[in-house]
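Overview (structure and organization)
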Amino acid sequence: MMDAVAAVVAFVAALATVTFVEMVVRITVPYLLAALGGAITERAGLVDLALEAKLLFGAFTAAAIAHDTGSIALAIAGAAVAGAAVGAVQALWAIRLGADQIVTGVALNLAAYGLTRYLLQVMYGQGSNSPRIDGIGAKVWSSPLTWLALVLTAVAIVMIARTRLGLRVRAVGERPDATAAAGVSVAGTRLAAVLVGSAIAGVGGAQLSLVVNGFVAEMSSGRGYVALAAVIMGGWRPAWVALVCLGFGAAEAVQVRMQSAGTGLPPELVRLLPYLLALVLLATLRGRGRAPAALGRGA
Amino acid sequence: MSAALVMRASKRFGDRDALVDARLEVAAGTVHAVVGENGAGKSTLLKIVYGLVRADRGQLAIGQRCDLARHGVAAAQALGVGMVHQHGMLVPTLTLAENAALGHEPVRRGLLDLAAARRDLARAAARLEQSLDPDACAGALSVGEQQRAEIVMVVARAQKLLILDEPTALLAPGEVDRLLALLRRIAGDGCAVVLVSHKLDEVAEVADAITVLRAGRTVAELARGVATREVARAMVGGEPPPTGAPPPLPPADAAVVLMVRGLAVHDLSGAATLRPGAGSAGGLRQVSFEVRAGEVVGIAGVEGNGQRELVQAVVGLVPAAAGRITLGGVDMTHATVAARRAAGLAHVAEDRHHHGLVLDATVADNVMLGRLDEVARGLTIDRTRVRTLAERALADLDVRPADPSLAARALSGGNQQKLVVARELGRAAVRAVVAAQPTRGVDLAAQARIHDRLRAAAAAGAAVLVISADLDELFALCHRVAVLHRGAIAGELAGDALRAADARATLGAWMVGAA
Ligand SMILES: Nc1ncnc2c1ncn2[C@@H]1O[C@H](COP(=O)(O)OP(=O)(O)OP(=O)(O)O)[C@@H](O)[C@H]1O
Ligand SMILES: [Mg+2]
């Protein structure tokens, strides 16, 4: 018994290190940016199931640009553009053509898996990963993405709460009819929200490929869906969404540590940890925020 | 005199004509009324002017020629047009200041200048002698308070043409007079005012000219001073229906069906304490009354004095903080909505969009709501029976168009209201009716029909509670009328006292707390 307690204490103490904090930050960034982007899109009333696609295209584009130019800044900018491009397609289908938003999102995600593989093949002659690039690697505090993520978090919070676009986004996700009656373009506001949100999510993708110095097929591995869960748990409010993402990042880092420390638990079970946490949070945080009333409804 | 508005427009929704070359001409500096039956096309016509609905064909000039194909809300606003809509157009999750700013946000250093928005709104309210809290969340206000806020916001913006689509439906008598006086003043300042109303005495009092629509066509353009009967005749294209008398008095020993004892309900607008000033009074305190079988009891009062809390507590939508509610002698204080309905309680909701209808569902499905027991066949729904019920309900109150497969959203405002009444009163075995503003926004003929149905329900032995801001309605229906003021009953008139000449003055004084 005492042994077990001592082991837990030792484990927790081992977590309180700089490298652990760095790991948390590194893991959190893609969740955070995808979820913030998702929160903005959803506040405008569009279900954002395409976060996975935005991460993946962002990751691919960042890797491709870093490979060709060697510029991290251009790679990040490219990732934002790639995310926004996915958003533009999403907007075209969901807003202009009135397609089902969930189907649109899932279709984009599936297309992203296939298309990035195809592009790998065409551009680099191999289907599963890009050549090595000079990315960011394991750096955390000197990584521009770390600080950019922080800035974008602030931007998302301020944008929703305190800007003209934010007010319009909040209105249009709640009562599109009343928003139109106030002389605000419903489609225009939604398009702006999707483009901004998707660009932010795309930057999250850059973090995926730049920290491992290369693109690996399907490297988003479901993070887009987890980010969407974080949007819901955070009650569609950027500050809370950011906190939830930090929680996910920490849980995943603990899980990684537990695996390497060898807890004796089956690794499959340990890997479930972040998702169990998600479920617990989902149950306890439910009711804190309300979904935008017009979420998922056309027009 | 120059024209503020000249238009002709045609509009089809699906295969139905809403407007057939309807014409409207409004002179600058005048108050112009647009009247017509429910579904005549009044809202559609004015939404075209405001740019919210696009006409199929026609011409439009608001001071200058407008391109109808390109006309939109922003363009209309730029020309100085403002519109108060028949159904609230506030975003419930935003504050009043944010709602007021939406579409023309004051910005300072790239950020929203909410302080300026707050100040602008407070100033606009002060100019109209209204008190409102710019930081209140719109959704926490009663529909009446929301409408007052909308009027304040729109009046502050409209410079050339102010359109009000049934703005008085939610106001108390004194407030109506103030609004009408305000409209005259605005017109006097040179801004044209277009007013849609079903209350013809109001129209006669304030309007310089009247345009009458029937079935999407302009059928008459009348000048000031035309008799109300004349206007009514033009509206229906024949003789308007007579108004009925209250149902016969129930026997004195009739059983008490609905009993409310010491009922207290927390303020639904979220303010915990009593706020000074008329208007929001902070929930319901210690209210007791009873309604016997066959009796019609009215609750009068200025919107926001506890009516909403009373209705929602009686029908089970909000919990009672204290007190007891019994239905047919059975304690229902903590019963669910479903249990109360099963016990025979019918509810005509004040807010038909929020509590009354599922707008995107069909008319037939709306008729069936809460009446599943009548259409269930084992685990499935008897669709033919649904259709029969729906057709009967539509015919009963003459809902137009009488098409059960239409979405409820596609009905005009008054026809939506008729649909709610038809459903609730058409249910089997109704023992008690709570009707909140049952004829809000319906035309004269429909009003008479709805009143008939309420009287018939009473005559058949139901206890009927009518909450209304319209004293005429209460006089026409009720055996007794109580006044709610600041969450308590300020007084009650019955029998001869209710028929006396000074009844209106007495009730009016109680309503504003002056007695
Ligand atoms: N969005 C819509 N879709 C389909 N039909 C519609 C729609 N809006 C209005 N209509 C139809 O157009 C006609 C005119 O409706 P409108 O709302 O203009 O009437 P109204 O004169 O304002 O009536 P009320 O007094 O009841 O408000 C009605 O038959 C209505 O059913
Ligand atoms: Mg109307």
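Bear in mind the structure is a predicted one, so any value in this text is a computation, not a measurement. (Residues numbered from 1 in each chain as written. Chains lettered and ligands numbered in written order. Predicted model: local features only at pLDDT ≥ 70, side-chain atom pairs only at ≥ 80, totals over all residues. Heavy atoms only, no water.)

Turning to the overall build of chain B, a few remarks are in order. The helix and strand tally for chain B stands at 19 helices and 24 strands. Its C-alpha atoms give chain B a radius of gyration of 23 Å, within 12% of the compact-globule value 24 Å for 515 residues. Taken along the three principal axes of its C-alpha coordinates, chain B extends 65 × 50 × 50 Å. In chain B, once contacts between residues fewer than 6 apart in sequence are set aside, the share between residues at least 24 apart is 69%. (Helix = DSSP H or I, 4+ residues; strand = E, 2+ residues; numbered from the N terminus. Rg over C-alpha atoms; globule rule 2.2 N^0.38 Å. Contact = heavy atoms within 4.5 Å.)

Time to look at the domain arrangement of chain B. Residue and element names in this part refer to chain B. Looking at chain B, the domain boundaries give domain 1 (3-236), domain 2 (254-344 + 429-515) and domain 3 (352-428). Between the C-alpha centres of domain 1 and domain 2 the distance comes to 30 Å. Listed as interface residues are 22 residues of domain 1 and, on the opposing side, 18 residues of domain 2. Approximately 1,500 Å² of surface area, both sides summed, lies buried where domain 1 meets domain 2, with 53% of it carried by carbon and sulfur atoms. Connecting domain 1 to domain 2 are zero salt bridges. In this structure, the connection of domain 1 to domain 2 is made through four residue pairs in polar contact (both at pLDDT 80 or more). (Domains from an automatic or database assignment. Buried area = accessible area lost by both parts, 1.4 Å probe. Salt bridge = Lys/Arg side-chain N within 4 Å of Asp/Glu carboxyl O. Polar contact = N/O pair within 3.5 Å; in protein donor to acceptor, adjacent residues only side chain to side chain.)

What follows covers empty space enclosed by the protein. Residues and elements named next belong to chain B. The tally for this structure, following the rule as stated, stands at five cavities of 30 Å³ or more. Here the largest cavity defines a volume of roughly 180 Å³. In terms of lining residues, the largest cavity is bounded by 18 residues, among which Ala169, Lys199, Thr439, Arg440 and Gly441 are the most central. Broken down by class, the residue content of the lining of the largest cavity amounts to five nonpolar, eight polar and five charged. Lining the lining of the largest cavity are residues from two domains, each supplying at least three of them: domain 1 (3-236) and domain 2 (254-344 + 429-515). (1 Å grid on protein atoms, 1.4 Å probe; cavity = no way out; pocket = protein on both sides within 12 Å on 5 of 7 lines; lining within 4 Å. Points joined across faces, edges and corners; volume = space filled by probe spheres on them. Nonpolar A, V, L, I, M, F, W, Y, C, P; charged D, E, K, R; others polar.)

Glancing now at helix α11 (residues 238-261) of chain A. If you check α11 of chain A, its first and last C-alpha atoms are 34 Å apart, about what 24 residues at 1.5 Å a residue would give, namely 34 Å. The positive-phi residue at the C-terminal boundary of α11 of chain A is Gly262 of chain A, with phi of around 70°. (Expected span 1.5 Å × (residues − 1).)

Turning to the pairing of strand β15 (residues 296-300) of chain B, a few remarks are in order. Residue and element names in this part refer to chain B. Most of β15 is tucked away: five of the five residues are buried. Burial along β15 is two-sided: the face carrying Val296, Gly298 and Ala300 and the face carrying Val297 and Ile299 are both buried. Across four bridges, the pairing between β15 and strand β22 (residues 463-467) is parallel. Directly across from Val297, in β22, lies its bridge partner Leu465. (Buried < 20%, exposed > 50% of the residue type's maximum accessible area, 1.4 Å probe, protein only. Pairing = 2+ DSSP bridges.)

With that out of the way, let us pick up a nonpolar patch on the surface. All names here are of chain A. Together, Leu265, Leu269, Leu272, Tyr275, Leu276 and Leu279 make up an exposed nonpolar region whose accessible area comes to about 580 Å². With three residues, the top contributor of residues to the nonpolar patch is helix α13 (residues 273-285). The topology assignment puts Leu272 in the loop between α12 (267-271) and α13. (Patch = residues over 30% accessible without salt bridge, like charges linked within 9 Å, V, L, I, M, F, W, Y side chains within 5 Å. Areas by Shrake-Rupley, 256 points an atom, 1.4 Å probe, with all protein chains shown as cover.)

A few words on the site of ligand 1. All names here are of chain B. Ser43, Thr44, Ala410, Ser412 and Gly414 are the nearest of the 20 residues found near ligand 1. One nitrogen or oxygen atom from the main chain of Gly41 is found 2.9 Å from an oxygen atom belonging to ligand 1. Isolated, ligand 1 exposes 630 Å² of accessible area, and the fraction of that covered by the protein chains is 82%. Class assignment for the residues of the shell around ligand 1 results in six nonpolar, eleven polar and three charged. Built from parts of two domains, the shell around ligand 1 gets at least three residues from each of domain 1 (3-236) and domain 3 (352-428). (Near = heavy atom within 4 Å.)

Before going further, it helps to examine the sheet that holds β22 of chain B. Residue and element names in this part refer to chain B. With mixed pairing, six strands are arranged side by side in an open sheet as β18-β21-β22-β15-β23-β24. Of all the strands in the sheet, the pair left with one neighbour each is β18 (345-348) and β24 (488-494). Each neighbouring strand pair of the sheet contributes to a mean axis angle of 15°, computed without reference to strand direction. As paired strands, β18 and strand β21 (residues 432-436) are joined by four bridges and run parallel to one another. Bridged to Leu345 within β21 is Ala432. Most of the contacts of helix α15 (residues 413-426) go to β18, to which it runs at about 175°, and overall it touches β18 and β21. (Axes fitted to C-alpha atoms, helices over the stretch in contact; angles between N-to-C directions.)

Now for the packing of helix α3 (residues 51-69) of chain A against helix α4 (residues 72-96) of chain A. Residues and elements named next belong to chain A. At their nearest, the axes of α3 and α4 sit 7 Å apart, and the two run at 145° to each other. Relative to α4, α3 is oriented so that their crossing is right-handed. Of the residues in α4, those in contact with Ala53, Lys54, Phe57, Gly58, Thr61, Ala62, Ile65, Ala66 and Thr69 of α3 are Leu74, Ala75, Gly78, Ala79, Ala82, Gly83, Val86, Gly87 and Gln90. Split by residue class, the contact of α3 with α4 holds ten nonpolar, seven polar and one charged. (Left-handed = near helix turned anticlockwise from the far one by under 90°.)

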